[in-house]
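Examination of the molecular architecture
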Amino acid sequence: MTQVYGIIGYPLGHSLSPYMHSRYAYYLNESQEYHIFECTPDKLEDTVQKLHRNNVQGLNVTLPYKQEIQRFLCDIDDAALKIGAVNTLKYNVNGYAGFNTDYIGLKNSLDSADISLKNHNVLILGAGGAARAVAYLARKEGCNELTILNRTLSNAERICGDFGGRALDYSMIDCLKSHYIVFQATKVGMHPATDEVLPLPDTIYSHFEAAVDLIYNPLETLFLRKSKYLGLKTLNGFKMLIEQGLESRRIWNPSETITDDIKKKVYDECIDYKWS
Ligand code: NAP
């Protein structure tokens, strides 16, 4: 029987997920459909209920619903609860259960780039949902100092309240004295505003050991370009995007085996699809 999956968000015009999951289904020879379920905020609850009634087996959840969707679930796993964001739903008879695969996607992406957080200082730029996933992972991996630098100090303080660490705003940037693996977790520099960059003084880059930007469009933000120019190891958000999708599949169908060969093919095809 054909299994139906999909993505909920608004707007969803440029989502890569339908293409990505259709390629996995092709290589795995699975009868599967993956649809876009774009809905406005006032229709979110109805949409979730309708998809459940129609036996949609799994869903990805994207902006702006990663927080709000939690109200309509029958269960939420511990990591998603701590992060405060759900990006994957799995069908249960009583409703959908919620998970967060962003932090696992990030972990797998860091591993593939040989970036370890254990005993390293971590600096997160931004204090939204993505920053919370990074903070959760940093603590899980046993980072040393955790610092959140954000435009609005109170938002950084809220994350530090949950994960420990030091909250700063841009007027306090001179406090950064150690060396850090830095995560750019804001939308600044994202398509179409690719000429934007956070207000970081040039001198601060000498405190960075490696620079990770969660943005995947463009593949190289101005922040990453500058970091690379200064000789830092850099990583963009594309691998994280692919890995979080793969992790969703593991939740939906734990017995599915995706070989490294299939992973590589789908990764390369997704890059071509998005940027050719
Ligand atoms: P979000 O909740 O909207 O992030 C907001 C954060 O960005 C806040 O801390 C906000 O500061 C800061 N910010 C926004 N505009 C700013 C500006 N002009 N100057 C300085 N700071 C600014 O978004 P999110 O969900 O956390 O996502 C953040 C980024 O991560 C996005 O680019 C998203 O595409 C990316 N992401 C990638 C993946 C992946 O798989 N690669 C997964 C998830 C997210 P205030 O608190 O002051 O408002």
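Up top is the structure.
For the structure given in this document, a descriptive report is provided here. (Residues numbered from 1 in each chain as written. Predicted model: local features only at pLDDT ≥ 70, side-chain atom pairs only at ≥ 80, totals over all residues. Heavy atoms only, no water.)

1. What to know about the site of the ligand
Not every one of the 24 residues close to the ligand is listed here, only the nearest: Ala127, Ala130, Asn150, Thr152 and Asn155. A distance of 2.7 Å is found between an oxygen atom of the ligand and a backbone nitrogen or oxygen belonging to Ala127. Leu241 places a main-chain nitrogen or oxygen 3.4 Å from an oxygen atom of the ligand. With the chains in place, 80% of the 930 Å² that the ligand exposes on its own is no longer accessible. Judged by its atoms lying within 2 Å of the grid points, the ligand is housed in the largest pocket. Put simply, the parts of the chain that give the shell around the ligand at least two residues each are helix H5 (129-140) and helix H8 (238-252). Residue classes in the shell around the ligand are distributed as 12 nonpolar, eight polar and four charged. (Near = heavy atom within 4 Å. Polar contact = N/O pair within 3.5 Å; in protein donor to acceptor, adjacent residues only side chain to side chain. Areas by Shrake-Rupley, 256 points an atom, 1.4 Å probe, with all protein chains shown as cover. 1 Å grid on protein atoms, 1.4 Å probe; cavity = no way out; pocket = protein on both sides within 12 Å on 5 of 7 lines; lining within 4 Å. Sits in = over half its atoms within 2 Å of the grid points. Helix = DSSP H or I, 4+ residues; strand = E, 2+ residues; numbered from the N terminus. Nonpolar A, V, L, I, M, F, W, Y, C, P; charged D, E, K, R; others polar.)

2. Considerations on the packing of aromatic side chains
By the definition in use, this model includes nine aromatic pairs. Between Phe238 and Tyr267 the ring centres are 5.5 Å apart and the planes differ by 70°, which places this aromatic pair in the edge-to-face class. One end of the pair, Phe238, is in helix H8; the other, Tyr267, is in helix H9 (residues 260-275), and 29 residues separate them in sequence. When its relative accessible area of 0% is taken as the criterion, Phe238 is described as buried. Exposure remark for Tyr267: the relative accessible area of 24% places this residue in the partly exposed category. Ring pairs connect the aromatic residues Tyr103, Tyr136 and Phe163, which therefore count as one cluster. (Phe/Tyr/Trp six-rings, centres within 6.5 Å; stacked < 30°, edge-to-face > 60°. Buried < 20%, exposed > 50% of the residue type's maximum accessible area, 1.4 Å probe, protein only.)

That is the geometry; function is a separate question.
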